[in-house]
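What follows is each chain in one-letter form.
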Amino acid sequence: MDFTEIYKQSGNLASFSPGAHFILNVVENTLIVRRTDTLQITRTWTIAAPSSTANILSNSKSIPSNSPEGWISHAGWSCDSEYLLAASAKKGIVEVFKLRDENWNARIEAGVEGLLKAEWAPDGRHILCFSQWGLRVTIWSLVTGNATYIQFPIHPDRGYAFRSDSRYFILAERHRSKDAMGVYDTTDCYKLVRHFPVPTSNLSSLALSPTGNHIAIWEGVLEYKLHILSLAGDVQGTFSPKPNPGFGVRNVAWHPTGMFIAVAGWDDKIHILDGLTWSAAATLELSSKIPVGATLWREPSNWLETTQGRGFLSYERLQGPQTISLQRTDPTKPNPKSGAVQLEWNKTGTLLLVRFENCPTVVHLYDFPASSDPFVPRLRCVFQHSKPVLHAQWNPVRKGSLALCIGSGSIYTWSDEWIGENGVEEDMAECIGVPANTKFETRSIKWAPDGKGLVLLDKEAFCCAFEVEDDAES
């Protein structure tokens, strides 16, 4: 991999544009756009202070421009890379800029209801603003300048989704202390299409199937119960494991085809539900023993010191029965360190990535058979590291490419596309040092949309890594 220089950033706000031609990053109150090929700055904008009217309406003290509280808290690209937004939640303002016209600007001031979060709608011409205290969601149109208000969302950080074709916006709401679901038509100014009660008493979140036909909703931490609903509000199925594991659902991930859904609780078990009966077709369970046929990839000890943080080194590949250490958890104490903190399918749904909290240094990959083969998922490989894994993410384009980080001066990659000496594809796992002149610890990673590069984020800095292409490919 080729690495760029290290640049300053704040708020972990750095990302590629949808076309991967530009990189956005934030430094305090400034929004910066760079070209991907040269990393030269092409645009900069600074967020201004709220107007006096906004300060009066919000009934709050003005925040000094140099205060970290007033820095940009949210930033992002529109789907066509034409517009960018930068929001300061504490100031209650959202600024919108146009990449091709540096002088064009739009501004949203939240006012008395406050601002908790701002993000783009999939069409790139509407902005969703979540107010404080769960009062409402405001959808602003850049085309007309009008706003649509939806009251009482349950959660601002989850509990809503857009259908894959962006036609409908689904929002979990709470009216008169009861959970409900609203379906809104995005092509008709977010007009309400359906509104129906749901069978939960304390809805934790929702997940919309990739086909857009089903919604999975589940209860809070006190009850392990998941419901599958149609967009019309009909209950298609309910899942609750027997015996009751004691705590509720922690993570849910739909298979890319919508034929399966992976459900994980706090009990170190993952239930794979089929899309016909909504019952468990298979159950994956965390174990300290790695079975025969699975590979243990172990990070070499002290490899960063040996290589001085430059170059790359392969993982140690161990075959046959192996063991990993698991942390004991006390279920009687609050917030037990157990269960799956991450469930993520690869692009084709042939691999499932799982991170369990009671073995934080380990990542599991499960192999799922093709539709023509018997449905018997199996553990394919396990990655073991010297420090807890902070972030892991599949390549958005290639089915067998994974990157992860552990808060050290390195990144870690795995691929099943390596061509061996006999001309057959093989698995390859590598530890790659980040060649930095200053201390740099990779705490988060983000793939470029074309799958050819990564943004590596430290607390106050970032750099980019790009795969080296062959002459024939370039």
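Right, let's walk through the structure included here. Keep in mind that what you see is a predicted model, and the values were worked out from it rather than measured. (Residues numbered from 1 in each chain as written. Predicted model: local features only at pLDDT ≥ 70, side-chain atom pairs only at ≥ 80, totals over all residues. Heavy atoms only, no water.)

### What about the overall build of the protein?
Reasoning step 1: Scanning the protein from terminus to terminus reveals two helices and 42 strands.
Reasoning step 2: Relative to the 2.2 N^0.38 estimate, which gives 23 Å for 474 residues, the radius of gyration of the protein is 23 Å and therefore close to what a compact globule would have.
Reasoning step 3: Dimensions of the protein, computed from the C-alpha atoms along their principal axes, are close to 70 × 55 × 45 Å.
Reasoning step 4: The buried share among the 474 residues of the protein stands at 51%.
Reasoning step 5: Restricting the contact set of the protein to residue pairs at least 6 apart, pairs at least 24 apart contribute 46%.
Reasoning step 6: When the accessible area of the protein is evaluated, it comes to approximately 22,500 Å², of which 49% is carbon and sulfur surface.
Reasoning step 7: For the protein, the distance from the average position of its 44 positive side-chain charges to the average position of its 51 negative side-chain charges is 7 Å. (Helix = DSSP H or I, 4+ residues; strand = E, 2+ residues; numbered from the N terminus. Rg over C-alpha atoms; globule rule 2.2 N^0.38 Å. Buried < 20%, exposed > 50% of the residue type's maximum accessible area, 1.4 Å probe, protein only. Contact = heavy atoms within 4.5 Å. Areas by Shrake-Rupley, 256 points an atom, 1.4 Å probe, with all protein chains shown as cover. Lys, Arg positive; Asp, Glu negative; His and termini not counted. Charge placed at Lys NZ, Arg CZ, Asp CG, Glu CD.)

### Considering the nonpolar core
Reasoning step 1: Counting residues in hydrophobic clusters, the biggest one holds 25 residues, and the most contacted among them are Ile270, Ile272, Leu343, Leu352, Val354, Phe356 and Tyr366.
Reasoning step 2: Mapped onto this core, the elements with two or more residues apiece are strand S24 (260-265), strand S25 (269-274), strand S26 (280-285), strand S32 (340-345), strand S33 (351-356), strand S34 (362-367) and strand S35 (378-384).
Reasoning step 3: Ranked by size, the runner-up nonpolar core spans 19 residues in total, among them Val389, Trp394, Ile406 and Tyr412. (Core = buried A, V, L, I, M, F, W, Y, C linked by side-chain atoms within 4.5 Å.)

### With respect to the pairing of S35
Working note: regular strand, side chains alternate between the two faces of the sheet.
Reasoning step 1: In terms of residue burial, S35 counts as a mostly covered element, since six of its seven residues are buried.
Reasoning step 2: Where strand S28 (residues 295-298) lies against S35, four bridges are found, and the strand directions are parallel. Within S35, the position partnered with tryptophan 297 by the bridge is phenylalanine 383.
Reasoning step 3: The pairing of S34 with S35 spans six bridges and is classified as antiparallel. Looking across to S35, one finds that aspartate 367 is bridged to arginine 378. (Pairing = 2+ DSSP bridges.)

### Side note on the pattern of salt bridges
Reasoning step 1: By the definition in use, this model includes 23 salt bridges.
Reasoning step 2: With its nearest N and O atoms 3.0 Å apart, the salt bridge here joins arginine 107 to glutamate 109.
Reasoning step 3: Given the relative accessible area of 31%, arginine 107 is considered partly exposed.
Reasoning step 4: Among the salt bridges present, the one from arginine 380 reaches aspartate 367, with a minimum N-O distance of 3.5 Å. You can see arginine 380 sitting in strand S35 and its partner aspartate 367 sitting in strand S34, a full 13 residues away along the chain. (Salt bridge = Lys/Arg side-chain N within 4 Å of Asp/Glu carboxyl O.)

### Focus: the sheet that holds strand S30 (residues 316-318)
Reasoning step 1: What the six strands build is an open sheet, ordered S30-S28-S35-S34-S33-S32; its pairing is mixed. The open sheet has two edge strands with one neighbour each: S30 and S32. For this sheet, the mean angle separating the axes of adjacent strands, direction not counted, is 20°.
Reasoning step 2: Sheet topology note: the S28/S30 ladder contains three bridges and is antiparallel. In the sheet register, tryptophan 297 faces S30, and the bridge partner there is arginine 317. (Axes fitted to C-alpha atoms, helices over the stretch in contact; angles between N-to-C directions.)

### Some details on the packing of aromatic side chains
For any pair of aromatic rings, geometry is given as the distance between the ring centres together with the angle between the planes.
Reasoning step 1: Per the stated rule, a full pass over the model turns up 23 aromatic pairs.
Reasoning step 2: With 5.8 Å between their ring centres and 35° between their planes, tyrosine 7 and phenylalanine 462 make a pair best called tilted. Remark: phenylalanine 462 occurs in strand S42 (residues 461-466) and tyrosine 7 occurs in strand S2 (residues 7-8); sequence separation between them is 455 residues. Like phenylalanine 462, tyrosine 7 is buried.
Reasoning step 3: An aromatic cluster of at least three residues, connected via ring pairs, comprises Trp297, Trp303, Tyr315, Phe383, Trp394, Tyr412 and Trp414.
Reasoning step 4: Above the ring of tyrosine 7, the side-chain terminus of arginine 34 is found at 4.1 Å from the ring centroid.
Reasoning step 5: Here the guanidinium or amino end of lysine 117 rests over the ring plane of phenylalanine 130, the centre of that ring lying 5.9 Å away. (Phe/Tyr/Trp six-rings, centres within 6.5 Å; stacked < 30°, edge-to-face > 60°. Lys NZ or Arg CZ within 6 Å of the ring centre and 35° of its normal.)

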